[in-house]
Amino acid sequence: MARPEASVQLYSLAEQFSADMNGSLERLAAIGLRNVEAFDFVGRPKEIRTALDAAGLASPTGHAPLLSDELWTPDGSIPTPKPEVVFEAAATIGIRTVIDPFVPAQRWITEDGVTDIADRLNGLTEVAASFGLTVGYHNHAQEFLAEFDGRPAYERFLALTDERVAIELDLFWALTGGQDVPALVARIGERLVAEHIKDGVVPPSNPFAPDAPAFASSSLDQRRAGEGDVPLVESLHAATALQYAVIEYDHAPGDVFEDIAASYAFLKDGGYIR
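Residues numbered from 1 in each chain as written. Predicted model: local features only at pLDDT ≥ 70, side-chain atom pairs only at ≥ 80, totals over all residues. Heavy atoms only, no water.

A.B. asks: Which residues make up the overall build of the protein, and what are the values?
C.D. replies: Across its full length, the protein holds ten helices and 14 strands. Taking 274 residues into account, the globule formula puts the C-alpha radius of gyration at 19 Å, and the protein, at 17 Å, falls close to it. Dimensions along the principal axes, computed over C-alpha positions, put the protein at roughly 50 × 40 × 35 Å. Looking at the protein residue by residue over its 274 residues, the buried ones come to 55%. In the structure as shown, the protein presents an accessible area of about 11,100 Å², 48% of it carried by carbon and sulfur atoms. Each charge class in the protein can be summarised by its mean position, and for the 20 positive and 42 negative side chains these summaries are 6 Å apart. (Helix = DSSP H or I, 4+ residues; strand = E, 2+ residues; numbered from the N terminus. Rg over C-alpha atoms; globule rule 2.2 N^0.38 Å. Buried < 20%, exposed > 50% of the residue type's maximum accessible area, 1.4 Å probe, protein only. Areas by Shrake-Rupley, 256 points an atom, 1.4 Å probe, with all protein chains shown as cover. Lys, Arg positive; Asp, Glu negative; His and termini not counted. Charge placed at Lys NZ, Arg CZ, Asp CG, Glu CD.)

As structure tokens, this is what we get:
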């Protein structure tokens, strides 16, 4: 097992962060965290960098849309800026890896769609490198709907992408997609730089399927780490080059700061982070 550093995806506390950026980051630092994963950072990079520095935090990874005209979330869409604008903002904050967090389901159900996703991401590796950055991808569950030659679309994507493209695996969403998550972690190998440490009761069916009813993050039954269905420990042990264990809640079960603290304690007390 590669013992990663702990982090937290700021989307987990989007409301609190927007209301009080400095106070939110100070509370995360008080928990013991030293890293965060920025979200929706392009319009305010200097403000975020100043707040991070004041709290003694860093954001080595960050989420920003690179492959879509809009970034979809269960709670609304965010317009997509040009990649160069994203990379400049990321460099200002100190982000080293910019990770695309979501590509819609319809683009994952054909071979041409998957090839296009991979080609676009491959094409951004050199652009990102000119800013001193790397690019990556973060999954939900739609990447596992279709299969080509007996392999999920996600694994076709892995095969088509440049080795320089970093992979961040959301463990909850991979399990929702029907995957043997520790085995998938092992197959990804050294390209897996981050895992989203997210637990909960997995939905009975894939909510990203074409015939699935609309859903919002508030419908998810997510739990503190170690209290749900996700094989977190096995997935951490299966990783060989993991750099970051990123705590995230799409829908925190209670007070988000207490929930983050509980998941951080799970990681720290279990000896899963350094």
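A.B. asks: Go over the pairing of strand β7 (residues 134-138), please, and point to the residues and values.
C.D. replies: With four of five residues buried, β7 lies mostly within the body of the structure. As paired elements, strand β6 (residues 97-100) and β7 share four bridges and run parallel to each other. When the sheet's bridge partners are listed, Thr97 is paired in β7 with Thr134. Regarding topology, helix α5 (residues 111-129) serves as the crossover connection from β6 to the parallel β7, and that connection is right-handed. Here β7 runs beside strand β10 (residues 166-170); their pairing, made up of three bridges, is parallel. Across the sheet, residue Tyr137 finds its bridge partner in β10, namely Ile167. (Pairing = 2+ DSSP bridges. Right-handed = clockwise from strand over helix to strand, strands pointing away.)

A.B. asks: Describe in detail the side chain of Thr161, supporting the description with residues and values.
C.D. replies: Along the polypeptide, Thr161 turns up in the loop between α6 (153-160) and β10. A polar contact is formed between the side chain of Thr161 and the backbone oxygen of Leu158, at a distance of 3.1 Å. Separated by 2.8 Å, the side chains of Thr161 and Arg191 make a polar contact. Aside from chain neighbours lying at most four places away, what touches Thr161 is Ala118, Asn122 and Arg191. (Polar contact = N/O pair within 3.5 Å; in protein donor to acceptor, adjacent residues only side chain to side chain. Contact = heavy atoms within 4.5 Å.)

A.B. asks: Mind laying out the environment of Ser217, listing which residues take part and the relevant values?
C.D. replies: Within the secondary structure, Ser217 is located in the loop between β12 (199-201) and β13 (221-223). C-alpha of Ser217 to C-alpha of Ala89: the two residues are 128 residues apart in sequence and 27 Å apart in space.

A.B. asks: Outline helix α2 (residues 21-31), listing residues and values.
C.D. replies: Of the residues making up α2, those classed as buried are Met21, Gly23, Ser24, Leu25, Leu28 and Ala29. Gly32 occupies a position one or two residues after α2 and carries a positive phi of about 125°.

A.B. asks: Before we move on, could you go through the packing of aromatic side chains and cite the residues and values that matter?
C.D. replies: Evaluation of the coordinates by the stated rule reveals 13 aromatic pairs. Taken together, a centroid distance of 5.1 Å and an interplanar angle of 45° make the contact between Phe144 and Tyr154 tilted. Remark: Tyr154 occurs in helix α6 and Phe144 occurs in the loop between β7 and β8 (147-148); sequence separation between them is ten residues. Taken individually, Phe144 and Tyr154 each receive the classification buried, so the pair is uniform in this respect. Through pairs of rings, three or more aromatic residues link up here, namely Phe102, Phe172, Trp173, Phe208 and Phe215. (Phe/Tyr/Trp six-rings, centres within 6.5 Å; stacked < 30°, edge-to-face > 60°.)

A.B. asks: Which residues make up the pairing of strand β3 (residues 58-63), and what values do they have?
C.D. replies: With respect to burial, β3 is a largely interior element, five of its six residues being buried. Where strand β2 (residues 35-39) lies against β3, four bridges are found, and the strand directions are parallel. Counted as the bridge partner of Ala38 is Gly62 from β3. In this view, the connection linking β2 to its parallel neighbour β3 by way of helix α3 (residues 45-55) has right-handed handedness. As paired elements, β3 and β6 share three bridges and run parallel to each other. Bridge pairing links Gly62 to Val98 in β6.

A.B. asks: Which residues make up the pattern of salt bridges, and what are the values?
C.D. replies: Evaluation of the coordinates by the stated rule reveals 14 salt bridges. A salt bridge links Asp53 to Arg49; the nearest nitrogen and oxygen atoms lie 3.2 Å apart. Note that Asp53 and Arg49 are positioned in helix α3 at a spacing of four residues, about one turn of the helix. Classification of Arg49 as partly exposed rests on a relative accessible area of 32%. In this structure, Asp116 and Arg120 form a salt bridge, with 3.0 Å as the shortest nitrogen-oxygen distance. Within this pair, Asp116 and its partner Arg120 are both found in helix α5, separated by four residues, close to a single helical turn. (Salt bridge = Lys/Arg side-chain N within 4 Å of Asp/Glu carboxyl O.)

Note that every value here comes from positions in space, so none of it alone points to a role or purpose.
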